[in-house]
Every structure is written in C-alpha cells, then in structure tokens.
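Remarks on the overall topology
Take a look at the letters that make up each chain.
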Amino acid sequence: MPSWGSSPTSAVQGIPGCTTIPGPWPAHRPSPHGHAGDPYPTDADTDEEVVPASAHPWERPLLALSVMVTLALAMVLLRLVWSVSASLLWTVLALAAVLFVCWSARGLRYARERAESVRMSPTQFPEAYRVVVSLAQEMGLARPPEAYVRPGPVSAHADAAAHGLRRYLVLPDALLDDRGLPRDREALAFLVAHQMGHLAAGHAGYWRRVATLGADLVPGLGSALSRACEYTADNHAHAHVPEGAHSVRLFAGGPTLYTRVNLGEMAARARTDRDCSLMLYHLLSRRPSNTRRMAALRDRDRRGRVFL
C-alpha cells in the first residue's frame, strides 16, 4: 500500500480514460503541497489570475426558493405574534429574538473551535498552514481564514464557517501524520480548497443562513440546497487543485483504505444503483452521496445530481 506521505501518482486509476494525475503546478505558483518556502504570498504571486469556478446550476434556483419560503414563514410567525399581542413592540422583539439566536449559535460554534481545537500557524502545522495561505490568496479571499485541527474522521470533521468578520476552517487530524505533516498533500489541498470554496461562494454568510432558515423546515428543500452547495464547493476545489480530486475516496475508504478504493467503479454505481429507499436517502441527505460525488468529479461535462 502506498504511503500517505508520497504523491499518489496512480490515484485515479479507477477512472476510465484517466490513469495519471496532472503534473506539478508551475514554479511561479505557491505550492499547496507543503514544500519549503515563505508561507505568505510574494509580490509575484499576487499578479496571478484567479481561476473562476461556476456554481452548480441548481444552487441559485434553490436559494431563491428557500428565501421565499423563509420570508413566507417569517410573515406567518410575525402575523401570529401580532394577532396574539397586538403590539408592534412584541412583533419586533420576536424578529430580533430569532436573529439573536442565530447570531449566538454561530458565535458558540466559533467559540468551541477557539477553545478546544488546535489552530494552524507558521509554527504549528506549518506545512498544512502554507496550503491554507497559498490557496486563500489564489482563490481571491481577502485574507486567509483561520484553520483549526480537530480530532476525528474525515467525513465528520471538515467544515467551513464564519462569525462576524471571521472566516474559519475546521480540518480533521486524520489528514496529518504523527509528525503533523500532511499524509497526502494533494488530498489535503483539495479538501482545503473545497472548504474555501464554501467561503468564496458566500455559503457561510450570516444573512444567507438567516434567509434560508425556513428551507430546513420543508422536507427535502434545505437538504437539496445543501447538496447543490457541496457541488459548487467541489467546482472551486477542482478548478484550483484538480490533481487532488482523488481525495473524495477518503470519505468512502477512510485514511487507511482510501488508496484501495476504485474511484471509477464507485462512480459507475451512481447510475446503476437505483431503488426507492436509495432515492429517498439521496433526497434527504445534506451531502451528495460518495457515488454521486465521485461521478461528478470523474465526468466534468456533467453536473452533480441533486435530485433523481
């Protein structure tokens, strides 16, 4: 079994028509692979053109529908408060209470990472930190987000969020070895770029979250929007780190068996595996299934499937 520390030169052997990973990035581009160098962008790097990434075609329609549902539910709630209290003050306070609860929940979520997780820096996990800094500059973010390392599996502990003006990432410790070095540098870069794609696309914004609260109360709507956003984040990651697309195998095989996962075989099952229970699972899940996500990354001419 190949070591995590080595470049997976045959990482996509399971993909029909694709047996090798693209070569290394140009020398002028800041390396996200943890090589030695200044962790901050140089003057030459700042002139590099930002690679565009398209949103999934279902994201904007689902976002618009979610906003309309939220506004409708908000009007019903305010109407109910008004009919009970007949007071403008209580109606305004009800609205303010919802906004305050949302703000407080995001603040507590951020506080948990600050209090419990390890924050990356030039002196703490420096190679992984260089990935975050270089990709943030390349993807056009105003400043690198804070990055935290949390113990746990890859599938459950990768996240991108915000509170106020702060943007931050949470990465699982499974991506690092016992020396704090990236086990698979391309996979780490892809997963970081995916999380930054959420930030670049505005998925972590406070007002966006408030405007889509109602969608989570409608079965299937909030989860569909979430799946479309995941595909959008994958588009950002693939635009900047295409050689790391094999990292999606981590979600299926874990950090020890992922190199044995045949990406092409799993992607093909997205078309062949069909039944009612599987369809219901796809409709209710907030993330694209591993098979559908692999299929979308394998065939870039097709958009990821959000519904059927």
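Per-chain numbering applies: the sequence of each chain, read as written, is numbered from 1 onward. Per-residue local features of the predicted model are confined to residues with pLDDT of at least 70, and side-chain atom pairs are confined, for both listing and counting, to 80 or more; whole-chain, interface and lining totals are unaffected and use all residues. By convention in this description, side-chain values take in all heavy atoms of the structure and omit both hydrogens and water.

1. Details of the overall build of the chain
What the chain contains, in helices and strands, is 10 helices and 4 strands. Across the 308 residues of the chain, 46% fall into the buried class. Once local pairs closer than 6 in sequence are excluded, the contacts in the chain between residues at least 24 apart make up 73%. In this description, accessible areas are obtained by the Shrake-Rupley approach with a 1.4 Å probe, and a residue is regarded as covered only by the protein chains that are shown. About 15900 Å² of surface is accessible on the chain, with carbon and sulfur atoms providing 61% of the total. Only DSSP runs of H or I with at least four residues qualify as helices, and only runs of E with at least two residues qualify as strands; both kinds are numbered from the N terminus onward. Each residue gets one of three labels from its accessible area relative to the maximum for its type: buried under 20%, exposed over 50%, partly exposed in between, using a 1.4 Å probe on protein chains only. In what follows, residue pairs with any heavy atoms lying within 4.5 Å of each other are defined as contacts.

2. What to know about the sheet that holds strand E1 (residues 118-119)
Two strands are said to pair when DSSP picks up at least two bridges between them. Read across the sheet, 4 strands follow the order E1-E2-E4-E3 without closing on themselves; strand pairing throughout is mixed. Two strands lie at the open edges of the sheet, namely E1 and strand E3 (159-163), each paired on one side alone. Pairing geometry for E3 and strand E4 (residues 166-172), over 5 bridges, is antiparallel. When the sheet's bridge partners are listed, Ala160 is paired in E4 with Leu169.

3. So, unusual backbone geometry
Even without a glycine there, the phi angle at Ala86 is positive, about 50°. By the element assignment, Ala86 lies in the loop between helix H1 (59-85) and helix H2 (88-116). A relative accessible area of 57% means that Ala86 is categorised as exposed. With phi around 55°, Phe125 is a residue other than glycine that occupies positive phi space. Mapped onto the elements, Phe125 comes out in the loop between E1 and helix H3 (126-138).

4. Some details on the confidence of the model for the chain
A residue's pLDDT is the confidence the predictor assigns to it, expressed on a 0 to 100 scale. When pLDDT is averaged across the chain, the result is 83; 82% of the residues are at 70 or more. For the chain, helix H7 (residues 249-257) is the element with the lowest average pLDDT, namely 87, and helix H6 (residues 221-240) is the one with the highest, namely 95. In this model residues 1-50 is a low-confidence stretch, pLDDT under 50, and it forms 91 contacts with partners more than four residues away in sequence or in other chains.

5. Some remarks on H3
Every helix has an expected span of 1.5 Å times one less than the residues it contains. Compared with an ideal rise of 1.5 Å per residue, which puts 13 residues at 18 Å, H3 spans 18 Å between its outermost C-alpha atoms and is within 8% of the ideal. The buried count for H3 comes to 12 of 13 residues, which makes it a mostly enclosed element. Buried residues of H3: Glu127, Ala128, Tyr129, Arg130, Val131, Val132, Val133, Ser134, Leu135, Ala136, Gln137 and Glu138, and no others. Among the structural elements, strand E2 (146-150), E4, helix H4 (185-200) and H6 are those in contact with the buried residues of H3. Taken from the residues just after H3, Gly140 is the one with a positive phi, measuring 85°.

6. A look at the pairing of E3
Of all 5 residues making up E3, 4 are buried, and the element is well covered by its neighbours. Taken together, E3 and the strand that follows it, E4, pair antiparallel across an intervening segment of 2 residues, in which Gly164 is found at a positive phi of about 65°.

7. A short note on the pairing of E2
For E2, the tally of buried residues reaches 5 of 5 residues, placing the bulk of the element in the interior. Of the two faces of E2, the one holding Glu146, Tyr148 and Arg150 and the one holding Ala147 and Val149 are both buried throughout.

8. Here's the deal with the nonpolar core
Each nonpolar core is a collection of buried residues, namely Ala, Val, Leu, Ile, Met, Phe, Trp, Tyr and Cys, held together in the definition by side-chain atoms within 4.5 Å. In terms of nonpolar packing, the biggest core is built from 43 residues, with Met120, Leu135, Val192 and Met196 touching the most fellow members. When contributions to this core are tallied by element, the ones reaching two or more residues are H3, E2, E3, E4, H4, helix H8 (263-272) and helix H10 (290-298). Residue contributions to this core peak at 9 residues, all from H4. When sequence neighbours within four positions are dropped, the list of residues in contact with Met120 reads Phe125, Ala128, Tyr129, Val132, Ala147, Val149 and Leu171. One finds Val69, Ala215, Leu221 and Tyr231 within the second-largest nonpolar core, a separate group that totals 11 residues.

9. Points about the packing of H6 against H10
Axis geometry follows a simple rule: fit a line to the C-alpha atoms, using only the stretch in contact for helices, then measure angles between N-to-C directions, giving values from 0 to 180 degrees. The contact between H6 and H10 brings their axes to 11 Å, and the two run at 40°. Between H6 and H10, the angle is such that the two are oblique. You can see that H6 and H10 cross each other, and the crossing is right-handed. Where H6 approaches H10, its residues Tyr231, Asp234 and His238 are matched on the opposing element by Arg292, Arg293, Ala296 and Leu297. Angles below 35 degrees are treated as roughly parallel, those above 145 as roughly antiparallel, those between 65 and 115 as roughly perpendicular, and all remaining angles as oblique. Helix crossings get a hand from a simple test, with the near helix turned counterclockwise from the far one by less than a right angle marking a left-handed crossing and a clockwise turn marking a right-handed one.

10. Considering H2
An ideal rise of 1.5 Å per residue puts 42 Å on 29 residues; H2 measures up with 42 Å between its terminal C-alpha atoms. Every buried residue of H2 is listed here: Thr91, Cys102, Arg106, Gly107, Tyr110 and Glu113. Where H2 is buried, its residues meet H1, E2, E3, E4 and helix H5 (206-211). Its side-chain oxygen at 3.3 Å from the backbone nitrogen of Leu89, Ser87 defines the N-terminal cap of H2. Side-chain atoms alone can form a polar contact between residues adjacent in sequence; in general such a contact is a pair of N or O atoms within 3.5 Å, and within protein one must be able to donate a hydrogen while the other accepts it.

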